[in-house]
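So you can see what is in the structure, the chains are spelled out below.
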Amino acid sequence: MSALNLVPNYPRARQITLALSGASGAPYALALLKRLLEADLQVHLLVSSAARVVMATEQDEQWPAQPAALATLLSERYQAKSEQLKVYGKEEWFSPVASGSGAPRRMVICPCSMGTVAAIAMGNSDNLIERAADVVIKEKGQLIIVPRESPYSALHLENMLKLARLNVTIMPASPGFYHQPKTIADLVDFMVARILDHLDVDHALMSRWGYGH
């Protein structure tokens with residue numbers, strides 16, 4: 001089926017692109033995906049080869065390389081509605097996220113590797129994640145990146161500053177502790193809550209500052 005014959009299953013305002021690249025932080029990605037689906041958003045999921053390696057290392061999960069198989073696996077796990085979760089291969093150039101006429105206006109890269117940051121900052125589009133980010137920037141949509149690296153080199157910082165000046169939100173995976181976390185899940189939820197706040201997606205993951213604990 002050609003891209004011209006595709007009909008959106010959700011209005012554009014209810015769509016979001018979620019990309020996973022090869023940085024550490026698989027728990028953040030899984031928790032965010034779950035919450036986005038629970039919020040009844042249609043998720044366009046992009047997963048790099050390195051992200052699948054990270055998922056296996058950090059979560060002991062072997063994600064299939066075939067987009068259809070991964071969509072089935074995750075849709076069943078999170079009880080997604082029909083057509084709510086779309087998964088694309090790294091070179092599916094006819095997918096909606098590859099064009100300004102079809103891409104969601106919002107995108108999150110979580111986690112985001114420094115290699116992906118550099119590619120986006122340079123305007124490269126060698127894979128679908130980079131192209132999708134480029135589209136969101138050029139269409140003046142909302143792009144949030146969640147980098148996870150330590151320490152940052154001057155080059156890393158320069159690339160992130162370049163993106164920040166293009167209105168990209170830089171949200172490092174640096175959870176706070178003022179909510180007195182008791183588990184790793186509490187730390188994960190802190191970051192997911194911050195991402196959801198910036199996306200204007202309602203949640204009840206944690207109390208807001210000044211409104212009790």
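Our structure's up above, just so we're on the same page.
Here's a quick rundown of the structure. (Residues numbered from 1 in each chain as written. Predicted model: local features only at pLDDT ≥ 70, side-chain atom pairs only at ≥ 80, totals over all residues. Heavy atoms only, no water.)

### Details of the pattern of salt bridges
Argument step 1. Scanning all chains against the criterion turns up 8 salt bridges.
Argument step 2. Arg194 is the partner of Asp197 in a salt bridge, and the nearest nitrogen-oxygen pair spans 3.6 Å. Of this pair, Asp197 and Arg194 both sit in helix H7 (residues 184-199), 3 residues apart, roughly one helical turn.
Argument step 3. Exposure remark for Arg194: the relative accessible area of 34% places this residue in the partly exposed category.
Argument step 4. Among the charged side chains, a salt-bridge network with shared partners connects Lys34, Arg35 and Glu38. (Salt bridge = Lys/Arg side-chain N within 4 Å of Asp/Glu carboxyl O. Helix = DSSP H or I, 4+ residues; strand = E, 2+ residues; numbered from the N terminus. Buried < 20%, exposed > 50% of the residue type's maximum accessible area, 1.4 Å probe, protein only.)

### Digging into the nonpolar core
Argument step 1. Residues Leu18, Leu32, Leu36 and Val108 are the most contacted members of the largest nonpolar core, which totals 44 residues.
Argument step 2. Among all residues touching Val108, those that are not within four sequence positions of it are Ile16, Thr17, Leu18, Ala19, Leu32, Ile144, Val146, Ile195 and Leu199.
Argument step 3. Counting 22 residues, the second-largest nonpolar core is a separate cluster that includes Leu46, Val97, Ile129 and Leu143. (Core = buried A, V, L, I, M, F, W, Y, C linked by side-chain atoms within 4.5 Å. Contact = heavy atoms within 4.5 Å.)

### What about unusual backbone geometry?
Argument step 1. Cis geometry marks the peptide bond from Cys110 to Pro111, where omega comes out at -5 degrees.
Argument step 2. With respect to the helices and strands, the residue Pro111 is situated in strand S4 (residues 106-112).
Argument step 3. Geometrically, the link from Ser150 to Pro151 is a cis peptide bond, its omega value of -5 degrees lying close to zero.
Argument step 4. For Pro151, the position within the fold is in the loop between strand S5 (142-147) and helix H6 (154-164).
Argument step 5. For Asn167, which is not glycine, the phi torsion reads 70 degrees and is therefore positive.
Argument step 6. You can see Asn167 is positioned in the loop between H6 and strand S6 (169-170).

### Topic: the environment of Gly176
Argument step 1. Along the chain, the position of Gly176 falls in the loop between S6 and H7.
Argument step 2. Taking relative accessible area as the criterion, Gly176 reaches 14% and is therefore assigned buried.
Argument step 3. Taking the C-alpha atoms as reference, Gly176 lies 26 Å from Asp60; in sequence the two are 116 residues apart.
Argument step 4. Not counting residues up to four positions away in its chain, the partners in contact with Gly176 are Pro181, Leu187 and Phe190.

### Describing the packing of helix H1 (residues 26-38) against helix H2 (residues 49-59)
Argument step 1. With their axes 9 Å apart at the nearest point, H1 and H2 run at an angle of 100 degrees to one another. Taken together, H1 and H2 sit at an angle that is classed as roughly perpendicular. Between H1 and H2, the contacting residues are Ala26, Pro27 and Leu30 on the first element and Val54, Met55, Glu58 and Gln59 on the second.
Argument step 2. Of the residues in the contact of H1 with H2, the class split is 5 nonpolar, 1 polar and 1 charged. (Axes fitted to C-alpha atoms, helices over the stretch in contact; angles between N-to-C directions. Parallel < 35°, antiparallel > 145°, perpendicular 65-115°, else oblique. Nonpolar A, V, L, I, M, F, W, Y, C, P; charged D, E, K, R; others polar.)

No statement about biological role is implied by the geometric values presented.
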